[in-house]
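Reading the structure
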2 protein chains.
Amino acid sequence: MKYYLGIDVGGTNIAFGIADESKRLFAKHSIKTNPKRDFEIIIQDMAENIVNFLDTNNISMDSLQSIGIGVPGIVDFSTKKIVMAANLGWYDVDVIGELNKYINKDIYIANDADAATFGELLVSDGLEHMAMLTLGTGVGGGVIYDGKIFGGGDGIGFELGHLILQPNGLTCNCGNKGCMEMYVSTTALIRMAKENISDKSQMFAMCDGDTSKIDGKIIFSCAKNKDEDALKTLEIYGDYLALACYNTIMSYRPQALMIGGGISVQEELLIDPVRAKVAKMLSPMGDIKKTPIIRATLGNDAGILGACFLSLNSDWK
Amino acid sequence: MKYYLGIDVGGTNIAFGIADESKRLFAKHSIKTNPKRDFEIIIQDMAENIVNFLDTNNISMDSLQSIGIGVPGIVDFSTKKIVMAANLGWYDVDVIGELNKYINKDIYIANDADAATFGELLVSDGLEHMAMLTLGTGVGGGVIYDGKIFGGGDGIGFELGHLILQPNGLTCNCGNKGCMEMYVSTTALIRMAKENISDKSQMFAMCDGDTSKIDGKIIFSCAKNKDEDALKTLEIYGDYLALACYNTIMSYRPQALMIGGGISVQEELLIDPVRAKVAKMLSPMGDIKKTPIIRATLGNDAGILGACFLSLNSDWK
């Protein structure tokens, strides 16, 4: 049996998974990232965990076909180095080279959202052209064109979260103003709730008057109870998300636009209204309006599964 | 000798050109569009002009390899029909079928900005990945990927001018609010001048106090003379153009971003400042900041030349 190991590096956790040829994850493992540690220490930790993880699952290093890694940043496909992973504080680092010091295997690296998009593609119903927006602390985006991760003209892949959505908007970590990430991430949703909360709001009661405690759960639960401030928050957020969806569809004309991330499960309160807004915006474009907006199905496993099979993305070889 | 005929259909004029295998236009011809005429009448007029134009240049119909047509709207590559050409009032029309009633030749059709981008590619210094924004009454955009017009997942091509640049912005002809076209077209530049003119402005004097007479020439000529209102207008316009350039570069990562349209000749007052703004916005992205912004070189001939050789774009066959 051949095995594939995938790693999804996040700002908080590093998740490991093993899949076989059936493209299903059958083992998972997770450690804290502690991103303030030195880059070399984190990679060393990663290497030790790979060895132990394989061991625990009785998989020999020989039967491991390849390792794939998704990272929250910009990866240069030609050099295979990370150009920038702001949330990790990694700039111009060579994860593959560093990890190869410990483990002598083919290692593939990609942007985490690209890897997640590729993972969703692997389990999709035959999609070949697809775009995905992953809504989390930040916003990742991935584009699949002709069944492969679309790297654009320089093969560097995308950071759709850093497209400008709001001219002269809020300042992003990257230094620019009005990045998509500042308006459609879950961080943005929570900020919008804080901006729209009154002391009469159910949200205010649920967080005991301490608005720093507001999270997605509180917002959606109050919106379900028809709390005005929560509904207004979702209306504002939904308008921005619809804009982001519309621009993504207009830019890549995918067969489907997928929305991933924890809050994408909110079909009734979020996804359905966004579908309606986007359909209206696309209506002048004729048949293009049929582009469906679908929910990602793998959740957090998408990035791990996609990473497992980055070796299948032949453009990267 | 083999000949190629290209047609660039605009809202005001329909331009015809003939090229040989050297990929140079050696004959041009133009008629008024009069877009209020019936679609069938316009196409009939087009057919008669093709016949006469070939005749005038002593080119036999037999030596004509193909005809290519660029239209200001969305073209469906699979059906070869026009989905929408708002400025012409054409919706779901079959230009090829209609023209084939008069002329029995292979006819290719494309969005005019795609055709212009392809034309610029043909005379570029070996570019294979390129994006172009054409600034005129509206805004066209074209993307070349791997040497071919990039049609996206549904092969419909792009209308980059209808990406949203300003949420809740001005209402576009297409019905949406804040389209790029409303902020970086020459129409937008003139509107911005009118919004920023005071009666002390040189622009005010140059149009004899009748601001409806303001055009690009007045704006750039006054800006050259350091007129404050003209400079402010170009600053506002330049900020939007820089945003559009940044988003286009981030979306397709081309080897170069080309700017076309009449005002792209304004290197010192417009293109250079925009280059500086975009370089600053791209700087967090590491090496990507090197993406050059270059001026298109063919002017109005780009669309005609590109149309001549649409047959070379094998994806369209």
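Keep in mind it's a predicted model, so treat the numbers as computed, not measured.

1. Overview of the relation of the copies chain B and chain A
- Superposition record for chain B on chain A: RMSD 0.0 Å, screw rotation 180°, translation along axis 0.0 Å. The relationship between the two copies is best expressed as a two-fold rotation axis.
- Taken as a fraction of all interface residues of chain B, those also at the interface in chain A reach 100%, which identifies the copy contact as same-surface.

2. As for the side chain of Lys105(A)
Residue and element names in this part refer to chain A.
- Residue placement: Lys-105 occurs in the loop between helix H2 (95-100) and strand S8 (107-111).
- Despite its burial, Lys-105 remains without a salt bridge, the nearest opposite charge being carried by Asp-62 at 5.0 Å.
- For Lys-105, the side chain forms a polar contact with the main-chain oxygen of Leu-64, separated by 2.9 Å.
- Other than its neighbours up to four places away in sequence, Lys-105 contacts Met-61, Asp-62, Leu-64, Ile-67 and Asn-100.

3. Considering helix H1 (residues 39-56) of chain A
Residues and elements named next belong to chain A.
- Here H1 spans 26 Å end to end across 18 residues, near enough to the 26 Å set by a 1.5 Å rise per residue.
- Those residues of H1 that fall on the buried side of the exposure criterion are Phe-39, Ile-42, Ile-43, Asp-45, Met-46, Ala-47, Asn-49, Ile-50, Phe-53 and Leu-54.
- Contacts from the buried residues of H1 go to strand S1 (3-9), strand S2 (13-20), strand S3 (25-32), strand S4 (64-71), strand S7 (90-93) and H2.
- Note on H1: the residue one or two positions beyond its end, Asn-58, has a positive phi of about 55°.

4. Let's talk about unusual backbone geometry
- A positive phi angle, close to 55°, is found at Asn168(A), a residue other than glycine.
- Counting through the fold element by element, Asn168(A) comes out in the loop between strand S11 (148-149) and helix H4 (181-184).
- By relative accessible area, Asn168(A) is classed as exposed at 71%.
- Positive phi, close to 55°, is recorded for Asn58(B), a residue that is not glycine.
- Here Asn58(B) shows up in the loop between helix H1 (39-56) and strand S4 (64-71).

The rules we used
- Residues numbered from 1 in each chain as written.
- Chains lettered and ligands numbered in written order.
- Predicted model: local features only at pLDDT ≥ 70, side-chain atom pairs only at ≥ 80, totals over all residues.
- Heavy atoms only, no water.
- Least-squares fit on C-alpha atoms with pLDDT ≥ 70 in both.
- Contact = heavy atoms within 4.5 Å.
- Helix = DSSP H or I, 4+ residues; strand = E, 2+ residues; numbered from the N terminus.
- Buried < 20%, exposed > 50% of the residue type's maximum accessible area, 1.4 Å probe, protein only.
- Lys, Arg positive; Asp, Glu negative; His and termini not counted.
- Salt bridge = Lys/Arg side-chain N within 4 Å of Asp/Glu carboxyl O.
- Polar contact = N/O pair within 3.5 Å; in protein donor to acceptor, adjacent residues only side chain to side chain.
- Expected span 1.5 Å × (residues − 1).

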